[in-house]
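Next come the chains, spelled out residue by residue.
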Amino acid sequence: MTIDFKKLYDIDADIADKQNLIDIELADRPLSPQPGDIFLFEELDVMGLQIVVLNVDDLILTVAADDNPMLGGFDLELSDDALCAPLILRCKYNILIPNYKFNLDLRVGVVEPEYCVQALDIISNLSDNLKNEIDDDLYYQEWMEEIAGALKAVTDIY
């Protein structure tokens, strides 16, 4: 087996370019949570789990997000060209979080507005009609239970 170092270099360069774009986008964000912001929370003990802000009010509507490739019927996968791809928004796992819970030092990325709109649409239409075969998969169900438990840790604190 030969290693294609050019391909590895190109992948590394693409990652660096994407991170530079994310850094520029984050530097221009207001000093408060905004729709599309991706946050980490210290209370989330599930590796790779993030919180995406969908809209801002007294309580901020958020949705869980991760890069686990299992895609259920209630999930929204960002396209490969999205700034923070790969990322899947777990729309069934949306929670309201008070503004004061967000640590701006843990804002790590941004989701484009069109994905926020799509996620809000999924949330407003949650029904069994969205369910697909992955939703019944044991590994997927275990992952969703882990997400639900982690989100409970965030909401239990306030």
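First things first, this report covers the structure right here in the doc. (Residues numbered from 1 in each chain as written. Predicted model: local features only at pLDDT ≥ 70, side-chain atom pairs only at ≥ 80, totals over all residues. Heavy atoms only, no water.)

1. Structural notes on the overall build of the chain
Scanning the chain from N- to C-terminus turns up three helices and six strands. Put simply, the chain runs from its N terminus to its C terminus through helices and strands in the order α-β-β-β-β-β-β-α-α. In terms of overall size, the chain behaves like a compact globule, its C-alpha atoms giving a radius of gyration of 16 Å where 158 residues would be expected to give roughly 15 Å. Seen along its three principal axes, the alpha-carbon backbone of the chain occupies a region of about 50 × 40 × 30 Å. (Helix = DSSP H or I, 4+ residues; strand = E, 2+ residues; numbered from the N terminus. Rg over C-alpha atoms; globule rule 2.2 N^0.38 Å.)

2. Overview of the nonpolar core
Counting 24 residues, the largest nonpolar core has Val52, Leu54, Leu87, Leu89 and Val111 as its most contacted members. Mapped by element, the contributors of at least two residues to this core are helix H1 (5–27), strand S2 (50–55), strand S3 (59–66), strand S5 (88–98) and helix H2 (113–124). With five residues, the top contributor of residues to this core is H2. Setting aside anything within four residues of it in sequence, one finds Leu89 in contact with Val52, Val63, Ala64, Ala65, Phe74, Asp75, Leu76, Leu78, Tyr115 and Ala119. Among the nonpolar cores identified, the runner-up in size contains 20 residues, and Phe39, Phe41, Leu49 and Tyr140 belong to it. (Core = buried A, V, L, I, M, F, W, Y, C linked by side-chain atoms within 4.5 Å. Buried < 20%, exposed > 50% of the residue type's maximum accessible area, 1.4 Å probe, protein only. Contact = heavy atoms within 4.5 Å.)

3. Brief notes about the sheet that holds strand S1 (residues 37–39)
Spatially, six strands are ordered S4-S5-S3-S2-S1-S6 in an open sheet, and the strand pairing comes out antiparallel. Each edge of the open sheet is held by one strand with a lone partner, namely strand S4 (75–77) and strand S6 (107–110). For this sheet, the mean angle separating the axes of adjacent strands, direction not counted, is 40 degrees. Here three bridges tie S4 to S5, and the two strands are oriented antiparallel to one another. Looking across to S5, one finds that Asp75 is bridged to Arg90. (Pairing = 2+ DSSP bridges. Axes fitted to C-alpha atoms, helices over the stretch in contact; angles between N-to-C directions.)

4. Comments concerning a nonpolar patch on the surface
A grouping of Ile3, Phe5 and Leu8 is seen on the molecular surface, where their side chains present a nonpolar patch of about 340 Å² in accessible area. Topologically, Leu8 is positioned in helix H1. (Patch = residues over 30% accessible without salt bridge, like charges linked within 9 Å, V, L, I, M, F, W, Y side chains within 5 Å. Areas by Shrake-Rupley, 256 points an atom, 1.4 Å probe, with all protein chains shown as cover. Salt bridge = Lys/Arg side-chain N within 4 Å of Asp/Glu carboxyl O.)

5. Brief notes about the packing of aromatic side chains
Applying the stated criterion across every chain yields a total of two aromatic pairs. With 4.9 Å between their ring centres and 70 degrees between their planes, Phe39 and Phe102 make a pair best called edge-to-face. Of this pair, Phe39 sits in strand S1 while Phe102 is found in the loop between S5 and S6, placing the two residues 63 residues apart along the sequence. Look at Phe102 and you get buried, because its relative accessible area is 9%. Clustering of aromatic rings is evident, with ring pairs tying together Phe39, Phe41 and Phe102. (Phe/Tyr/Trp six-rings, centres within 6.5 Å; stacked < 30°, edge-to-face > 60°.)

6. A look at the side chain of Arg29
Counting through the fold element by element, Arg29 comes out in the loop between H1 and S1. Engagement of the side chain of Arg29 in a polar contact is seen with the backbone oxygen of Pro35, the distance being 2.9 Å. A polar atom in the side chain of Arg29 sits 2.7 Å from the side chain of Asp37. Those residues within four positions of Arg29 in sequence are excluded, and the remaining contacts are Gln34, Pro35, Gly36, Asp37, Arg107 and Val110. (Polar contact = N/O pair within 3.5 Å; in protein donor to acceptor, adjacent residues only side chain to side chain.)

7. Observations regarding the state of the cysteines
Counted under the stated rule, the structure contains zero disulfides. As a non-bridged cysteine, Cys91 has Cys116 as the owner of its nearest cysteine sulfur, 10.0 Å distant. Since its relative accessible area comes to 0%, Cys91 is described here as buried. For Cys116, a relative accessible area of 5% translates into the label buried. (Disulfide = S-S within 2.5 Å.)

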